[in-house]
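# Structural description and commentary
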Amino acid sequence: MTRQGTNLLIPQTLVDLFEGSTLGAIALTVFLALVISAMLGYFARRIPRWIWPAENQDVGQEAAVVAAVLGLLALLLGFTFSLALDRYEQRRMLVLQESNAIGTAYLRTQFLSEPFRTDLSETLHDYTQLRIGLAGQHDTDFAGLLARSDALLVTMWQQTLAAERSEGPSPTGSLHIASINEMIDLDAARKYARMAKVPSAVYAALLVNLMISAAILGYVIFGFWARMSAVLLFVLFTLSFLLIIDIDRPLTGRLREQQTPMISLLEFMTVNPPGRFGSGEKPAE
């Protein structure tokens, strides 16, 4: 039986490489793959003449082939970078939308009577603090934090229902329920955004194209300094590849969406607790 999602054109080993490998392992693999491909291209040009008959060399034709291959490679790199950047931008905008939704819910909570006002405000404060923690770099504890976030949403909804049943239907209550419901929707949207990454098969296909391009460069380039320039080009290709992968890793990458809106909201909640909301007094240390 074949594995689900196996592509006959892309080795599964390459696909697995980009699933859970560290950036350092990927960088080393990509760079070595490019160097080895270039060496294969270099030796392919030196096949004995009786196997590969000598022909008049046309430098212009080789230059045209190299330009076409590098142009295609640049297009593929740009396309993959655009996919990763779109997903990053989506995650960044969701942070702002969720921050606005939580802030609106917090403001509308202040219309509730006690003890619902204080209880729900504290839950919203804890939830905001936890959402900031979820955006950090995680290896093993992410599932636990996510479970706590889901539990706080359940608690928040229970408190909202209790307040609605106690105070009865009202326009203000309806708006408050709508704001809590929007928070729950955005929680689901952010969960999906963390999973919506560029497929690993795309990275594997891009690596294959990089290797073919390196082999062609190794075949056509002559001279020590030209080869050193090719090595520098391989370094640039590797760094560009790592940048794309890092952007596309929302949980373990270094380039994650900023949480400035959430942090500002948490500071606002801390300065304006339910007991003295809007007074401008700073909480006691």
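What comes next is a walk through the structure. Going along each chain's sequence as written, the residues are numbered from 1 onward. The predicted origin of the model limits local features to residues at a pLDDT of at least 70 and limits the giving and counting of side-chain atom pairs to 80 or more, whereas totals for whole chains, interfaces and linings rest on all residues. Derived side-chain values reflect all non-hydrogen atoms in the structure, with water molecules and hydrogen atoms excluded from consideration.

### Things to note about the overall build of the protein
Regarding its fold elements, the protein presents nine helices and zero strands. The helix and strand sequence of the protein, counted from the amino end, reads α-α-α-α-α-α-α-α-α. Accessibility here uses a 1.4 Å probe with only protein chains present; expressed as a share of the type maximum, an area under 20% marks a residue as buried, one over 50% as exposed, and anything in between as partly exposed. Among the 285 residues that make up the protein, the fraction classed as buried is 38%. Residues are treated as being in contact if the distance between any of their heavy atoms lies within 4.5 Å. A separation of at least 24 residues holds for 81% of the contacts in the protein among residues at least 6 apart in sequence. Here the protein has roughly 16,200 Å² of accessible surface; of this, 64% comes from carbon and sulfur atoms. In this description a helix means any DSSP run of H or I spanning at least four residues, a strand means any run of E spanning at least two, and both kinds are numbered starting from the N terminus. With residues, only the protein chains shown are counted as cover, and all accessible areas are computed by Shrake-Rupley using a 1.4 Å probe.

### What about the pattern of salt bridges?
By convention in these notes, a salt bridge is any Lys or Arg side-chain nitrogen within 4 Å of a carboxyl oxygen on Asp or Glu. Tallying each qualifying case throughout the model produces eight salt bridges. Its salt-bridge partner being Asp187, residue Arg131 comes within 2.8 Å of it at the nearest N-O pair. Within this pair, whereas Arg131 is found in helix α4 (residues 116-134), its partner Asp187 is found in helix α6 (residues 171-195), the two being separated by 56 residues in sequence. Asp187 shares its class with Arg131; the two are buried. Asp187 is the partner of Lys191 in a salt bridge, and the nearest nitrogen-oxygen pair spans 3.4 Å. Of the two residues, Lys191 and Asp187 are both situated in helix α6; the distance of four residues between them amounts to about one turn of the helix.

### Considering a negative patch on the surface
A contiguous patch of negative charge, built from Glu114, Asp119, Glu122 and Asp126, is present on the exposed surface. Here Asp126 lies in helix α4. Here a patch means residues that are over 30% exposed by relative accessible area and free of salt bridges, tied together within 9 Å if like-charged and within 5 Å if nonpolar (Val, Leu, Ile, Met, Phe, Trp, Tyr). In this tally Asp and Glu are treated as negative and Lys and Arg as positive; neither His nor the chain ends contributes. The atom standing in for a charge is NZ when the residue is Lys, CZ when it is Arg, CG when it is Asp and CD when it is Glu.

### Focus: unusual backbone geometry
Cis geometry marks the peptide bond from Glu114 to Pro115; its omega dihedral reads 5°. Positionally, Pro115 belongs in the loop between α3 (59-109) and α4.

### Considerations on the packing of α4 against helix α5 (residues 142-167)
Axis separation between α4 and α5 bottoms out at 10 Å; the angle between their running directions is 160°. Between α4 and α5, the interaxial angle falls into the category roughly antiparallel. By crossing handedness, the relation of α4 to α5 is classed as left-handed. When residues are grouped by polarity, Ala, Val, Leu, Ile, Met, Phe, Trp, Tyr, Cys and Pro land in nonpolar, Asp, Glu, Lys and Arg in charged, and all others, Gly among them, in polar. Taken together, the residues that form the contact of α4 with α5 break down as 14 nonpolar, seven polar and five charged. Every axis in this analysis is a line fitted to C-alpha atoms, fitted for helices over the stretch in contact. Angles between the N-to-C directions lie between 0 and 180 degrees. The scheme is simple: roughly parallel for angles under 35 degrees, roughly antiparallel for over 145, roughly perpendicular for 65 to 115, oblique for anything else. For a crossing to be left-handed, the near helix must be turned anticlockwise from the far one by less than a right angle; the clockwise case is right-handed.

### Section: the packing of helix α2 (residues 23-44) against helix α7 (residues 200-220)
Relative orientation of the contacting elements α2 and α7 amounts to 40°, with a least axis distance of 6 Å. Read as a crossing pair, α2 and α7 show a hand that is right-handed. Taking contact as the criterion, the partners of Val30, Ala33, Leu34, Ser37, Ala38, Gly41, Tyr42 and Ala44 in α2 are, on α7, Leu207, Leu210, Met211, Ala214, Ala215, Gly218 and Tyr219.

### Focus on the environment of Thr260
Inspection of the secondary structure assignment puts Thr260 in helix α9 (residues 260-271). Look at Thr260 and you get partly exposed, because its relative accessible area is 46%. As for Thr260 and Ser99, which are separated by 161 residues in sequence, their C-alpha atoms are 9.5 Å apart.

### Describing the packing of aromatic side chains
Working definition: rings of Phe, Tyr and Trp (its six-membered ring) pair if their centres are within 6.5 Å, and the pair is stacked with planes under 30 degrees apart, edge-to-face with planes over 60 apart, and tilted otherwise. Applying the stated rule across the entire model yields three aromatic pairs. Note on Tyr106 and Phe268: the rings are 6.4 Å apart at their centroids and 75° apart in plane angle, and the pair reads as edge-to-face. Residue Tyr106 is located in helix α3, and its partner Phe268 is located in helix α9; the two are separated by 162 residues in the primary sequence. Given the relative accessible area of 2%, Tyr106 is considered buried. Phe268 gets classed as partly exposed once you look at its relative accessible area, which sits at 33%.

### Observations regarding α5
One less than the number of residues in a helix, times 1.5 Å, gives the span that helix is expected to have. Here α5 is 26 residues long and its end C-alpha atoms lie 37 Å apart, about the 38 Å a rise of 1.5 Å per residue gives. When we look at burial in α5, the residues that qualify are Phe142, Leu145, Leu146, Ser149, Leu152, Leu153, Met156, Thr160, Ala163 and Glu164. Looking at the residues trailing α5, positive phi occurs at Gly168, about 85°.

### Notes on the side chain of Asp248
Among the structural elements, Asp248 can be located in the loop between α8 (224-247) and α9. As a buried residue without a salt bridge, Asp248 has its nearest oppositely charged side chain in Arg87, at a separation of 4.8 Å. When residues no more than four places from it in sequence are discounted, the contact partners of Asp248 are Ala84, Arg87, Lys197, Val198 and Tyr203.

Just distances and angles here, no functional claims.
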